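The primary structure of each chain is shown beneath.
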Amino acid sequence: MLVLATMLYSCASMGRPSGGPRDYLPPIFVGSSPAQGEHNVMPKRVEIEFDELVQLKDQNDKVVVSPSQKQNPTIRTSGRKVVVEFKDSLMPNTTYSIDFADAIQDFNESNPIDAFSFAFSTGDSIDSLQISGILLDAHTLEPQQKMLVGVHTNLDDTAFTNIPLERIARTNDRGQFTIRNLKTGRYRLFAINDVDRDMMFANPAEDIAFFDTIIEPITLTSLTTDTIRKINHEIDTVVEVMATQYLPNDVLLSMFNEDRRSQYLVKYERQDSTKLFYIFGAPADSLPKLEILEPKPATDNWCTIDHSPTNDTITYWLRDPAMISSDTIRVATTYLRTDSAQNLSLTTDTLIFKAKRDKAKKKEKKKKNDEENDSVKKVEIPTTPFVFAATSSQEINLPIRMRADVPLDSISPTALSIAIQQDSDWVFLSNLPIVQDREGDLKNYHADFEWEPGMQYRVTIDSASVRDIYGLYCKRIEATLAVKKLEEYSDLVFNVNAPDSSFIELLDGADKAVRVVTVENGTAVFNYLAPNTYYARLIIDTNRNGKWDTGNFAEHRQPEDVYYYNKALKLKKNWEITENWDINSLPVDMQKPEDIKKNKPEKKKWEQDKLKKKKGQNDDEEDEENFYDPNNPYSNEGGSSFGTNQFQNGQQYNNRNRRY
């Protein structure tokens with residue numbers, strides 16, 4: 001008995017058995033009711049079975065039924081099955097498709113099935129044509145994920161704004177889409193960020209995209225290569241097979257917002273006794289009209305207006321003493337407001353502004369107590385704050401910048417003087433005119449000067465040379481500015497095949513513009529750049545207004561075309577770099593560098609493990625986009641990539657050399 005117990009204990013204490021290799025395989029479809037592609041069925045319920053337990057992830061955002069349903073079907077899992085229960089009656093002689101995207105995953109490892117779709121027909125045949133493409137943000141070229149893409153057979157322009165899309169799909173995490181089970185025919189193609197879930201462009205605030213030309217989908221059969229891979233995704237065999245191409249498969253949609261923001265009064269307040277502050281919901285061509293109801297101002301010159309370039313943020317600086325001292329001001333404000341029909345109409349609101357004095361009173365009381373406790377009374381002459389933006393270092397290509405806290409009323413022509421250091425002495429050079437940064441901005445000022453590299457300058461503003469709207473003068477201010485040497489900068493030149501109506505934005509690592517230069521005769525020059533890592537975006541400025549312009553569906557106007565330089569630009573001190581940029585050398589969807597791309601596909605577990613394994617190796621890093629997913633028809637190997645197809649009707653749908 002003792003020997004037997006010892007043997008049992010020995011067996012029980014053996015090492016834990018290995019779980020085997022990690023499971024990278026997604027669930028495998030094994031059957032359904034009705035069958036995949038079955039004809040002449042009117043199911044109230046669809047059951048799709050897999051070879052293992054499954055779960056659904058984000059089905060509300062990923063799964064779409066086409067044609068769309070007035071009431072969304074119930075979609076759930078039951079063990080190894082995905083169950084879809086329809087709430088609407090199905091239409092006769094119609095092909096229905098359920099596009100799951102990557103919502104179906106196995107239960108244990110969450111391996112998704114990419115681009116899984118199920119179809120059946122209520123008639124005698126099943127429609128099988130497709131339209132595929134990619135949806136990018138028009139301005140940033142970011143892939144647009146989980147967006148609704150659909151078609152209309154009604155070719156009228158008003159269909160998109162009045163009728164729900166007929167057949168739909170959602171973009172995946174790469175912005176790619178496939179609208180399946182289409183009939184032979186002519187279609188208009190649209191995309192929408194369907195906030196109100198009505199599947200049409202009835203809400204002007206929604207992001208949209210539209211394709212300019214009518215699409216007629218076709219199929220072609222041709223010899224192509226297919227890659228068979230092992231469980232660990234390594235290549236096993238490459239074979240040639242006859243395959244059906246569903247065309248077009250390279251349509252680009254550029255998503256934009258028309259920026260038709262509703263105009264209304266967002267906020268109003270009396271920030272202190274001297275300021276009335278307004279914020280409006282959208283830019284305006286003119287300022288609102290104000291009528292002071294109480295207390296009545298003594299003169300028409302009762303305020304000074306400081307406003308943003310687009311007139312949507314406005315500060316009225318009060319100049320009338322009676323108004324400043326009044327606790328309450330009643331103002332009739334007349335402005336353009338968006339009505340229920342989305343039209344601008346004049347409206348007048350009577351607004352009450354109450355002064356905020358509590359904090360000021362407390363400060364005044366504390367100041368009075370402090371003065372009473374001092375043995376020697378302090379006499380302070382009030383001044384208006386006016387300061388230099390920089391007090392030590394000066395960029396060679398920038399002006400002297402100054403800022404006031406209160407709008408200025410007058411500036412002496414000799415207010416600002418500049419001197420240069422020569423040996424140990426300061427040599428006066430000249431007085432510089434101080435000007436506003438822009439019209440309507442009464443607090444930001446600058447003075448232009450041609451700096452000599454590596455030199456020291458002293459800039460001075462004399463006391464009482466600047467006066468604000470309340471009659472207070474500035475005190476004397478002074479700053480010593482060291483101008484950077486030329487060797488501390490980098491210069492960057494682009495030779496680019498773009499028209500002179502274009503401009504290039506130099507971007508930081510957050511995809512934000514830090515410098516803008518216009519293309520002239522195929523060249524854009526960036527001088528005096530601080531050493532850093534930059535990126536570049538080019539905009540075809542069609543209307544030559546110096547900014548990127550969005551599109552407009554009613555006007556059939558696409559947003560202005562955007563291109564990215566596909567590499568990071570790592571600039572060091574005293575470098576001069578010339579880059580030749582062919583904006584058409586890469587498809588637009590492949591141009592934006594991964595380092596600044598925000599909408600990236602989620603890595604599969606096998607991709608994550610492969611990357612971890614590669615971190616311990618010294619091999620050159622592999623482009624992450626080259627990973628192949630056998631369940632994803634859009635992946636780089638094994639999938640379709642027909643970026644230069646010329647179709648039977650002579651229409652090349654790939655309108656800007658897209659490929660994916």
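Residues numbered from 1 in each chain as written. Predicted model: local features only at pLDDT ≥ 70, side-chain atom pairs only at ≥ 80, totals over all residues. Heavy atoms only, no water.

Our next topic: the overall build of the protein chain. Looking only at helices and strands, one finds 6 helices and 44 strands in the protein chain. Sorting the 660 residues of the protein chain into buried and exposed places 43% on the buried side. Sequence separation of 24 or more characterises 66% of the internal contacts of the protein chain that already satisfy a separation of 6 or more. For the protein chain, the accessible surface area stands at approximately 35300 Å², while carbon and sulfur atoms represent 48% of it. (Helix = DSSP H or I, 4+ residues; strand = E, 2+ residues; numbered from the N terminus. Buried < 20%, exposed > 50% of the residue type's maximum accessible area, 1.4 Å probe, protein only. Contact = heavy atoms within 4.5 Å. Areas by Shrake-Rupley, 256 points an atom, 1.4 Å probe, with all protein chains shown as cover.)

Counting across every chain of the model gives 28 salt bridges. Here Arg 45 makes a salt bridge to Glu 47, at a shortest N to O gap of 2.8 Å. For Arg 45, a relative accessible area of 35% translates into the label partly exposed. A salt bridge links Arg 537 to Glu 505, with the shortest nitrogen-to-oxygen separation between them at 2.7 Å. Taken together, the positions of Arg 537 in strand S41 (residues 533-540) and Glu 505 in strand S38 (residues 502-507) put the pair 32 residues apart, joining distant regions of the chain. Judged by relative accessible area, Glu 505 falls into the buried class, the value being 10%. Put simply, Arg 45, Glu 47, Arg 76, Lys 81 and Glu 85 are held in one network by salt bridges that share partners. (Salt bridge = Lys/Arg side-chain N within 4 Å of Asp/Glu carboxyl O.)

Another aspect to go through is the nonpolar core. Generally speaking, soluble globular proteins have nonpolar side chains that are buried together. By size, the foremost hydrophobic cluster in this structure holds 34 residues, and its most contacted members are Leu 492, Phe 494, Ile 504, Phe 526, Leu 538 and Trp 581. Where this core is concerned, the elements lending two or more residues are strand S10 (129-137), strand S37 (490-496), S38, strand S40 (523-529), S41, strand S42 (562-564) and strand S44 (576-581). Among the elements that line this core, the one with the most residues is S41, at 6 residues. Of all hydrophobic cores here, the second largest spans 27 residues; its members include Leu 416, Ile 420, Tyr 445 and Ile 477. (Core = buried A, V, L, I, M, F, W, Y, C linked by side-chain atoms within 4.5 Å.)

With that settled, the discussion passes to unusual backbone geometry. Residues Ser 33 and Pro 34 are joined by a peptide bond in cis, for which omega reads 0 degrees. A cis amide bond links Leu 247 to the next residue, Pro 248, at an omega of 5 degrees. Examined against the element boundaries, Pro 248 turns out to sit in the loop between strand S17 (235-247) and strand S18 (251-255). One non-glycine residue, Arg 197, lies in the positive phi region at around 55 degrees. If you trace the backbone, Arg 197 turns up in the loop between strand S14 (188-192) and strand S15 (208-210).

Moving on to the side chain of Glu 258. By the element assignment, Glu 258 lies in the loop between S18 and strand S19 (265-272). On the accessibility criterion, Glu 258 (8% relative accessible area) is buried. Side-chain polar atoms of Glu 258 contact the side chain of Arg 260, separated by 2.7 Å. At 2.7 Å, the side chain of Glu 258 forms a polar contact with the backbone nitrogen of Phe 553. Once residues lying within four places of it in the same chain are set aside, the contact partners of Glu 258 are Phe 201, Ile 208, Thr 550, Gly 551, Asn 552, Phe 553 and Ala 554. (Polar contact = N/O pair within 3.5 Å; in protein donor to acceptor, adjacent residues only side chain to side chain.)

On to the packing of aromatic side chains. Taken as a whole and judged by the stated rule, the model has 29 aromatic pairs. Between Phe 118 and Phe 120, the ring centres sit 6.4 Å apart and the planes meet at 50 degrees, which makes this aromatic pair tilted. Residue classification places Phe 118 among the buried residues on the basis of a relative accessible area of 0%. Residue class for Phe 120 comes out buried when judged on its relative accessible area of 0%. Taken together through their ring pairs, the aromatic side chains of Tyr 268, Tyr 278, Phe 280, Trp 302, Tyr 316, Tyr 335 and Phe 353 make up a single cluster. (Phe/Tyr/Trp six-rings, centres within 6.5 Å; stacked < 30°, edge-to-face > 60°.)

With that out of the way, let us pick up the sheet that holds strand S20 (residues 275-280). The strand order across the open sheet built from 4 strands is S19-S20-S23-S22, with neighbouring strands paired in antiparallel fashion. Of all strands in the sheet, those bounded by a partner on one side alone are S19 and strand S22 (303-307). Going across the sheet, the axis of each strand differs from the next one's by a mean of 15 degrees, ignoring polarity. Inspection of the sheet shows S19 paired to S20 by 5 bridges, in the antiparallel sense. Looking at S20, one finds that Glu 269 is bridged to Phe 277. (Pairing = 2+ DSSP bridges. Axes fitted to C-alpha atoms, helices over the stretch in contact; angles between N-to-C directions.)

Right, let's talk about the confidence of the model for the protein chain for a bit. Residues at a pLDDT of 70 or more form 84% of the protein chain, whose mean pLDDT is 87. A low-confidence stretch, residues 1-19 (pLDDT under 50), is modelled with 0 contacts involving residues beyond four sequence positions or located in other chains. Per-residue pLDDT stays below 50 along residues 619-655; that stretch engages in 86 contacts with residues further than four places along the chain or on separate chains. (pLDDT = per-residue confidence, 0-100.)

Strand order in the open sheet formed by 3 strands is S40-S37-S44, and the pairing between neighbours is mixed. Looking at strand neighbours, the two that pair on one side only are S40 and S44, the edges of this open sheet. On average, adjacent strands in this sheet sit at an angle of 15 degrees to one another, irrespective of strand direction. By the bridge criterion, 5 bridges tie S37 to S40 in an arrangement that is antiparallel. Looking across to S40, one finds that Asn 495 is bridged to Thr 523.

The subject of this paragraph is the pairing of strand S39 (residues 513-518). Alignment of S38 against S39, held across 5 bridges, turns out to be antiparallel. Bridging across to S39, Glu 505 finds its partner in Val 516.

As a further point, take the environment of Tyr 96. Secondary-structure assignment places Tyr 96 in strand S7 (residues 95-101). Considering only alpha carbons, one finds Tyr 96 and Ser 68, 28 residues apart in sequence, at a separation of 9.1 Å. Every residue in contact with Tyr 96, bar those within four places of it in the chain, is listed here: Ser 66, Pro 67, Gln 69, Ser 89, Leu 90, Met 91, Phe 118, Ala 119, Phe 120, Thr 122 and Arg 167.

Bringing the side chain of Asn 181 into the picture now. Along the chain, Asn 181 turns up in strand S13 (residues 176-182). When neighbours within four sequence positions are excluded, Asn 181 is seen to be in contact with Thr 95, Ser 97, Ala 119, Ile 126, Asp 127, Ser 128, Leu 129 and Arg 167.

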